[in-house]
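Understanding the architecture of this molecule
Next come the chains, spelled out residue by residue.
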Amino acid sequence: METYFVIRSQTYADKVQHLLNRYRYSYHVMRSTGTDGCIYRFRVSAAQQDIFDLLNANDIPFQTVS
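This section reports on the structure supplied with the text. Given the structure is predicted, the values throughout are model-derived calculations rather than measurements.

Considerations on the pairing of strand β2 (residues 27-34)
Inspection of the sheet shows β2 paired to strand β3 (residues 37-44) by eight bridges, in the antiparallel sense. Within β3, the position partnered with Tyr-27 by the bridge is Val-44. In textbook terms, the turn of a hairpin is the stretch between consecutive antiparallel strands, and for β2 and β3 this stretch comprises two residues.

Okay, here's the thing in structure tokens:
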């Protein structure tokens, strides 16, 4: 099961990586640059609800990817 989401700030992307490492989630992040700045696309090997609950509990704004 994999979860995909987008972070639009380097500061929050760094926080997400720290959290995922702390809770030992396997993940991959890809940075891309667009007209609105940098975007960090995450793919995490975990249930979507678990990851989104973790992000919300730590007040990290994210966008879901369908």
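As for the pattern of salt bridges
Inspection of the entire model under this criterion finds one salt bridge. We note a salt bridge from Glu-2 to Arg-43, for which the minimum N-O separation is 3.6 Å. Highlighted residues: Glu-2 in the segment before β1 (3-7) and Arg-43 in strand β3, separated in sequence by 41 residues.

Definitions and limits used
Residues numbered from 1 in each chain as written. Predicted model: local features only at pLDDT ≥ 70, side-chain atom pairs only at ≥ 80, totals over all residues. Heavy atoms only, no water. Pairing = 2+ DSSP bridges. Helix = DSSP H or I, 4+ residues; strand = E, 2+ residues; numbered from the N terminus. Salt bridge = Lys/Arg side-chain N within 4 Å of Asp/Glu carboxyl O.

Geometry only, nothing functional implied.
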